[in-house]
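Understanding the architecture of this molecule
Next come the chains, spelled out residue by residue.
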Amino acid sequence: MNKVIIDVKNLVKNYDDFKAVQGLSFEVYENEIFGLLGPNGAGKTTTLEIIETLRQKTSGEVTVDGFSIDKDASAIKRIIGVQLQAAGYYPNLNLVELLELFSGLYGVMVNPMEMLEKVNLQEKAKAKYKALSGGQKQRFSIATTLINSPKIIFLDEPTTGLDPQARRNLWDLITQIRDNGTTVVITTHYMDEAEQLCDRVAFVERGQIIALDTPDQLIDNLIANGFERKKEVKKANLEDVFINLTGKEWREN
Ligand SMILES: Nc1ncnc2c1ncn2[C@@H]1O[C@H](COP(=O)(O)OP(=O)(O)OP(=O)(O)O)[C@@H](O)[C@H]1O
């Protein structure tokens, strides 16, 4: 039996007259990578921020590891890791100093070099955040989500704007984090990413969930309904050609 770690029931969020989230219900299981997929403005970020206790809901019930967002927000904050927006990083501190600062804020002791090793940034220990490439910035911000050894991390479009190598390397990193026992909730609008990375996905459209299952099952259901692609699918795609030609090692250093 899968243990439910996040339980969202009939979640509603209105911004004045605008209904951004319209009665969402879903469960996230412990130790899975759960994807919220959908177009811009579908309500993914709003939903995440409510679960993270950073935004007020209009109505509905949300529990995280048994804690209610209404009554136990501080308990929830202790067991989750949230990616900060880039603007949150002090520009003149290097990565080690930033990790020391964050661990002080969380009130936990971490070894900055160990944290950097987890995301393969040990060689950038003395670099300032602003001097990192896009992929390195994402990896660093994932490292900051791990400082308090959270049970769940939330990643909001972690690979947007990255090149194919950086994206695939980030997928490996996120999979590793899951394999080490952390539940991962991710938003994305890249379908290939969701298919490769997520154990289960929910499609969100106009503030509602229109499908939820494993990527495999969603695809099988579509095929069972008679769907056929117009062109025969090749066993590789252009991105595979590119990766094959250029290698898959970390390239942004
Ligand atoms: N603070 C706010 N005030 C008013 N409307 C808001 C606010 N925040 C979000 N919205 C609106 O709510 C809707 C859902 O936004 P949200 O950011 O949750 O979508 P999203 O699915 O995360 O989109 P994206 O993929 O673009 O990040 C959008 O139409 C947005 O304009």
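One can find the structure itself at the top, above this paragraph.
The following paragraphs examine the structure supplied in this document. Model, not experiment: these values are computed from the prediction.

**A word on the site of the ligand**
The ligand sits among 14 residues. The nearest are Gly41, Gly43, Lys44, Thr45 and Thr46. Tyrosine 15 is positioned such that a nitrogen or oxygen atom in its side chain is 3.3 Å from a nitrogen atom of the ligand. A total of 640 Å² of accessible area belongs to the ligand in isolation, and the protein chains cover 62% of it. Counting only elements with at least two residues in the shell around the ligand, the list comes to β2 (18–29) and α1 (44–51). Of the residues forming the shell around the ligand, the biggest block, three residues, is contributed by α1. Among the residues forming the shell around the ligand, the class breakdown is five nonpolar, six polar and three charged.

**Considering the pattern of salt bridges**
For the coordinates displayed, the defined rule picks out eleven salt bridges. Note that aspartate 65 is salt-bridged to lysine 3, the shortest N-O span being 3.5 Å. Taken together, the residues aspartate 65 in the loop between β4 (59–64) and β5 (67–68) and lysine 3 in the segment before β1 (4–15) connect sequence positions 62 residues apart. Residue classification places lysine 3 among the partly exposed positions, given a relative accessible area of 44%. The network of salt bridges with shared partners includes Lys3, Glu30, Asp65 and Lys151.

**Quick notes on the packing of helix α5 (residues 134–145) against helix α6 (residues 164–179)**
In the contact formed by α5 and α6, the axes pass within 10 Å of each other and the chain directions differ by 10°. Relative to α6, the element α5 is oriented roughly parallel. Residue-level inspection shows Gly135, Gln138, Arg139 and Ile142 of α5 in contact with α6, the latter providing Ala166, Leu170, Leu173, Ile174 and Ile177. Looking at the contact of α5 with α6, its residues break down into six nonpolar, two polar and one charged.

**Brief notes about the nonpolar core**
Judged by nonpolar contacts, the single largest core of 37 residues is most densely connected at Leu95, Leu116, Phe140 and Ile174. For this core, the elements supplying multiple residues, two or more each, are β3 (33–37), α3 (95–106), α4 (112–118), α5, β7 (152–156), α6, β8 (183–188) and α7 (191–197). If you tally residues by element for this core, the top one is α6, at six residues. Among all residues touching leucine 95, those that are not within four sequence positions of it are Leu116, Leu121, Lys124, Ala125, Ala127, Lys128, Tyr129, Leu132 and Phe140. Among the nonpolar cores identified, the runner-up in size contains 26 residues, and Ala42, Val62, Ile79 and Phe154 belong to it.

**As for the environment of glycine 161**
Along the chain, glycine 161 turns up in the loop between β7 and α6. When its relative accessible area of 68% is taken as the criterion, glycine 161 is described as exposed. As a C-alpha pair, glycine 161 and threonine 214 span 53 residues in sequence and 25 Å in three-dimensional space.

**Overview of the sheet that holds β4**
The four strands are arranged β2-β1-β4-β5 in an open sheet whose pairing can be described as antiparallel. One side of each edge strand has no neighbouring strand; the edge strands of this open sheet are β2 and β5. Direction of pairing for β1 relative to β4: antiparallel, over a ladder of five bridges. Opposite lysine 9, over in β4, you have glutamate 61 as the bridge partner. Packing of α1 onto the sheet brings it into contact with β1, β2 and β4, and relative to β1 it is tilted by some 120°.

**Regarding the sheet that holds strand β9 (residues 200–205)**
Pairing is mixed across the open sheet formed by six strands, whose spatial order is β6-β7-β8-β3-β9-β10. Bordering the open sheet on either side are β6 (80–82) and β10 (208–213), each of which pairs with just one other strand. Along the sheet, successive strands turn relative to each other by an average axial angle of 15°, direction set aside. Sheet analysis places β7 next to β8, joined by five bridges and oriented parallel. Bridged to leucine 155 within β8 is isoleucine 186. Of the strands in this sheet, β3, β7 and β8 are in contact with α6, which crosses β8 at around 150°.

**Some thoughts on the packing of aromatic side chains**
In this structure the tally under the stated criterion is two aromatic pairs. Judged by centre distance (5.3 Å) and plane angle (10°), the ring pair of phenylalanine 26 and phenylalanine 34 falls under stacked. As far as burial versus exposure is concerned, phenylalanine 26 and phenylalanine 34 are alike and both buried. Seen in terms of ring centroids, tyrosine 129 and phenylalanine 140 are 6.1 Å apart; in terms of plane orientation they differ by 55°. Their pairing is tilted. Of this pair, tyrosine 129 sits in the loop between α4 and α5 while phenylalanine 140 sits in helix α5, placing them eleven residues apart in sequence. Just as tyrosine 129 is buried, phenylalanine 140 falls in that class too. The positively charged end of lysine 137 is found above the aromatic ring belonging to tyrosine 129, 5.6 Å away from the centroid. Over the aromatic face of tyrosine 190 sits the side chain of arginine 167, whose NZ or CZ is 4.4 Å from the ring centroid.

Definitions and cut-offs
Residues numbered from 1 in each chain as written. Predicted model: local features only at pLDDT ≥ 70, side-chain atom pairs only at ≥ 80, totals over all residues. Heavy atoms only, no water. Near = heavy atom within 4 Å. Polar contact = N/O pair within 3.5 Å; in protein donor to acceptor, adjacent residues only side chain to side chain. Areas by Shrake-Rupley, 256 points an atom, 1.4 Å probe, with all protein chains shown as cover. Helix = DSSP H or I, 4+ residues; strand = E, 2+ residues; numbered from the N terminus. Nonpolar A, V, L, I, M, F, W, Y, C, P; charged D, E, K, R; others polar. Salt bridge = Lys/Arg side-chain N within 4 Å of Asp/Glu carboxyl O. Buried < 20%, exposed > 50% of the residue type's maximum accessible area, 1.4 Å probe, protein only. Axes fitted to C-alpha atoms, helices over the stretch in contact; angles between N-to-C directions. Parallel < 35°, antiparallel > 145°, perpendicular 65-115°, else oblique. Contact = heavy atoms within 4.5 Å. Core = buried A, V, L, I, M, F, W, Y, C linked by side-chain atoms within 4.5 Å. Pairing = 2+ DSSP bridges. Phe/Tyr/Trp six-rings, centres within 6.5 Å; stacked < 30°, edge-to-face > 60°. Lys NZ or Arg CZ within 6 Å of the ring centre and 35° of its normal.

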